Amino acid sequence: MRESLGISINDKVVLGVGYADLRKGFDLFMDAARRGVVADPNLHFVWAGALSADMQRWIQADFSNVGDSSRIHILGFTNRVTDFYSAADCLFLSSREDPYPTVVLEAMNVGLPVLCYQGCTGFDSLMGEHGYLVDI
């Protein structure tokens, strides 16, 4: 997966998985990606999942303004999500509301740390051991 996206083994990969819409916080993911690639030249953000029509239009309008968009990878729908979990350094669940999302369980299953917003998933009590909570 890293090789196919041109990501070095020494680079860090933040993964987002799901249908890209406002409830899933795709805009929050992209905001973090924009700031992250400016702050760290070895950081990549990868989104695996179909984009809603609204998000597709927004990406087309705003994506060219990103400083280093070569390190922000929007893949669309894929059947190879397991490969992406295995190649990532953390899962960023950017959802505003997502009760007990399976992506967290899938990430935990392969030992991938999870970063998510406090109070948005139902997994707050597990994050001390399996990841990190941040304020939205």
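Going by the structure above, here's the rest.
The numbering scheme is per chain: residues are counted from 1 as the chain's sequence reads. Where totals are concerned, whole chains, interfaces and linings use all residues; where local detail is concerned, this predicted model gives features only for residues with pLDDT of at least 70, and gives and counts side-chain atom pairs only at 80 or more. Working from all heavy atoms in the structure, the side-chain values ignore hydrogens and water.

Peer 1: Where do I start with the pattern of salt bridges in this structure?
Peer 2: Side chains that differ in sign of charge can pair as their charged atoms come close. Salt bridge, as applied in this entry: a Lys or Arg side-chain nitrogen positioned within 4 Å of an Asp or Glu carboxyl oxygen. Enumeration according to the criterion identifies seven salt bridges in this entry. Across the salt bridge formed by Asp98 and Arg23, the nearest N and O atoms sit 3.9 Å from each other. Here Asp98 is found in the loop between β4 (90-93) and α5 (102-109), whereas its partner Arg23 is found in the loop between β1 (12-17) and α2 (26-39), with 75 residues between them in sequence. Residue exposure (1.4 Å probe, protein chains only): buried if accessible area is under 20% of the type maximum, exposed if over 50%, otherwise partly exposed. The exposure class of Asp98 is buried, given its relative accessible area of 6%. For Asp27, the salt bridge goes to Arg96, with nearest N and O atoms at 2.8 Å. Separated by 69 residues along the polypeptide, Asp27 in helix α2 and Arg96 in the loop between β4 and α5 bring together distant segments of the chain. Taking the relative accessible area as the measure of exposure, Arg96 reaches 34% and is therefore partly exposed. Note on conventions: DSSP H or I runs of at least 4 residues are helices, E runs of at least 2 residues are strands, and numbering of each starts at the N terminus.

Peer 1: Got a minute to help me understand α5 in this structure?
Peer 2: Residues separated by three or four positions in an α-helix point in the same direction, a consequence of the helix having 3.6 residues per turn. Taken as a whole, α5 has its buried residues at Val103, Val104 and Ala107. Down the axis of α5, the buried side of the element spans an arc of 100°, and every buried residue falls inside it. Along α5, the residues that are exposed and aim more than 90 degrees away from the buried face are Thr102 and Asn109. Residue contacts are defined here by distance: any two heavy atoms, one from each residue, within 4.5 Å place the two residues in contact. Residues of α5 that are buried make contact with β1, α4 (81-87), β4, β5 (114-117) and α6 (127-130). Looking one or two places after α5, you find Gly111, whose phi comes out positive at around 80°. What the arc covers is the set of directions going from the helix axis to the C-beta atoms.

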